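# Notes for the structure review
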Amino acid sequence: MGLRSMAKVRSIRLKANRLTMPRRLVWPCLMFISLLWLPLPAQAESVITTDAPICNGAAPSPTMFAPRSTPAQDILDITWLVIGIVGTLGVIVMAMIAFSIVRYRHREGDTDEDPPQVYGSSPIELAWTILPTLIVFILFLVSARGIFEIEKEIAPEGSLEVTVVGHRWWWEFDYPEYGFVTAGELHIPIGDDNTPISTFLTLESADVIHSFWVPQLAGKTDVVPNRINHLWLEPNTPGRYLGQCAEYCGGAHANMLITVVVEPESEFKKWVANQQ
């Protein structure tokens, strides 16, 4: 086969690829975009909505999407904001990609000439500089405000103070106001009329790094040797809330569960009397 024949075959193959490759890309992109509008399975909806089936306020399994405390609600609000902004940007980008693939795909009769080139477009450059900057600035302000609100270093007035000490592989709860120490379960009060009562936790470790996390009540906070961290809870619904040490701390790490019992103040006082 001569050089001219080989060049002609190569040209035909290139044109065939131009015709077929865009079509191969169109359907995956369209399918991906369509998935964004598919309804969630019933089981998934029960986990990620605040209407999840509950028993005395506690969800069937630990989840941050069913907050029952002021700090947890603040975290979820920020999460939905970030998901909303990022999701919107993702939909716009994918829609533009799909539009470009369909609108500007190679058609029969097209020439091999390059389309008109655009260089140094000030509006486009300003748009992709200013808009991301504004988005990052908004997310920074909202996140910073949430962090300062959640990570309080001083106990709110009238709050119950508890010292939490992480051991391998159990939790110690010291109630200095009442003069006793318990383990396994953290009992905290809520008003008899479900009025929120703050609980201020001082977190310490007796051995290695742990992490105290009860998703429905507050964010995750590390418990570090020779360092004191703080966490506050303000539950609005009674119940037994489950959590877990969220930092691998050794062989029995999986057994280092957390149970927080939120009970009406009258019941909490009876429990305190029994402990004393």
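Residues numbered from 1 in each chain as written. Predicted model: local features only at pLDDT ≥ 70, side-chain atom pairs only at ≥ 80, totals over all residues. Heavy atoms only, no water.

### Details of the pairing of strand β3 (residues 180–183)
Quick reminder of the rule: Each residue gets one of three labels from its accessible area relative to the maximum for its type: buried under 20%, exposed over 50%, partly exposed in between, using a 1.4 Å probe on protein chains only. Numbering of helices and strands runs from the N terminus; a helix is a DSSP stretch of H or I covering at least four residues, while a strand is a stretch of E covering at least two. In this description, strands pair whenever DSSP reports at least two bridges between them.
Alternating residues of β3 divide into F180 and T182, all buried, and V181 and A183, none buried. As paired elements, strand β2 (residues 170–175) and β3 share four bridges and run antiparallel to each other. Looking across to β3, one finds that F173 is bridged to T182. Linking two consecutive strands that pair antiparallel, namely β2 and β3, is a turn of four residues; a positive phi of about 80° is found at G179 within it.

### Re the sheet that holds strand β4 (residues 185–190)
Our working definition: The angle between two axes is taken between their N-to-C directions and runs from 0 to 180 degrees, where each axis is a line fitted to C-alpha atoms and a helix contributes only its stretch in contact. Residues count as neighbours in contact if any of their non-hydrogen atoms are within 4.5 Å of one another.
Strand order in the open sheet made by the three strands is β4-β10-β9, with mixed pairing throughout. Every interior strand has two partners, whereas the edge strands, β4 and β9 (239–244), have only one. Across the sheet, the mean angle from the axis of one strand to that of its neighbour is 25°, orientation sign disregarded. In this sheet, strand β10 (residues 257–264) lies alongside β9 in antiparallel orientation, the contact comprising six bridges. Its bridge partner lying in β10, R240 is registered against V261. Against the sheet, helix α5 (residues 265–275) makes contact with β4 and β10, and its axis sits at roughly 120° relative to β10, the strand it touches most.

### Considerations on the side chain of H253
If you trace the backbone, H253 turns up in the loop between β9 and β10. Once residues within four sequence positions are removed from consideration, H253 is found in contact with W169, Q244, C245, A246, E247 and Y248.

### Some details on the sheet that holds strand β8 (residues 229–233)
Strand pairs in the sheet, formed through backbone hydrogen bonds, run parallel or antiparallel to each other. The strand order across the open sheet formed by five strands is β3-β2-β1-β5-β8, and the pairing between neighbours is mixed. Of all strands in the sheet, those bounded by a partner on one side alone are β3 and β8. Adjacent strand axes in the sheet meet at a mean angle of 25° when their direction is disregarded.

### Thoughts on a nonpolar patch on the surface
Note the cut-off: Like-charged residues are merged into a patch within 9 Å and nonpolar side chains (Val, Leu, Ile, Met, Phe, Trp, Tyr) within 5 Å, provided each residue has over 30% relative accessible area and no salt bridge. Accessibility throughout is a Shrake-Rupley quantity obtained with a 1.4 Å probe, and a residue counts as covered only by protein chains that appear here. Here, a salt bridge means any Lys or Arg side-chain nitrogen found within 4 Å of an Asp or Glu carboxyl oxygen.
Together, L126, I130, L131 and L134 make up an exposed nonpolar region whose accessible area comes to about 390 Å². You can see L134 is positioned in helix α4 (residues 122–150). In this structure L134 comes out as partly exposed when scored by relative accessible area, which is 45%.

### Some points on unusual backbone geometry
A cis amide bond links R168 with the next residue in sequence, W169, at an omega value of 5°. Looking at where W169 falls in the secondary structure, it is placed in the loop between β1 (160–167) and β2.

### Remarks on the packing of aromatic side chains
The condition is simple: Pairing of aromatic side chains requires ring centres within 6.5 Å, counting the rings of Phe and Tyr and the six-membered ring of Trp. Pairs whose planes differ by under 30 degrees are stacked, by over 60 edge-to-face, and all others tilted. Charges are assigned to positions over rings by a cutoff of 6 Å between ring centre and Lys NZ or Arg CZ, combined with an angular limit of 35 degrees from the ring normal.
In this structure the tally under the stated criterion is nine aromatic pairs. Here the aromatic rings of F65 and W80 are separated by 5.6 Å at their centres, their planes lie at 50°, and the arrangement is tilted. Taken together, the residues F65 in the loop between α2 (42–48) and α3 (70–103) and W80 in helix α3 connect sequence positions 15 residues apart. Overall, W80 belongs to the partly exposed group, its relative accessible area being 37%. A connected cluster of aromatic rings, assembled from ring pairs, spans Y175, Y178, F180, F268 and W271. Above the face of the W213 ring, K220 is positioned so that its terminal group lies 4.7 Å from the ring centre.

### Observations concerning the nonpolar core
When a protein is soluble and globular, its nonpolar side chains tend to lie buried together. For clarity, the cut-off: In plain words, nonpolar cores are sets of buried Ala, Val, Leu, Ile, Met, Phe, Trp, Tyr and Cys residues tied together by side-chain atoms within 4.5 Å.
Ranked by size, the top nonpolar core spans 30 residues in total, and within it W171, Y175, L186, L201, F212 and V260 carry the most contacts. The set of elements that each furnish at least two residues to this core consists of β1, β2, β4, β5 (199–205), β8, β10 and α5. Other than its neighbours up to four places away in sequence, L186 contacts V162, F173, Y175, L201, F212, T259, V260 and V261.

### As for the environment of Y178
Examined against the element boundaries, Y178 turns out to sit in the loop between β2 and β3. A sequence separation of 98 residues divides Y178 from Q276, and the C-alpha atoms of the two residues are 7.7 Å apart. With residues up to four places along the chain from it excluded, the contact list for Y178 reads L160, F268, V272 and Q276.

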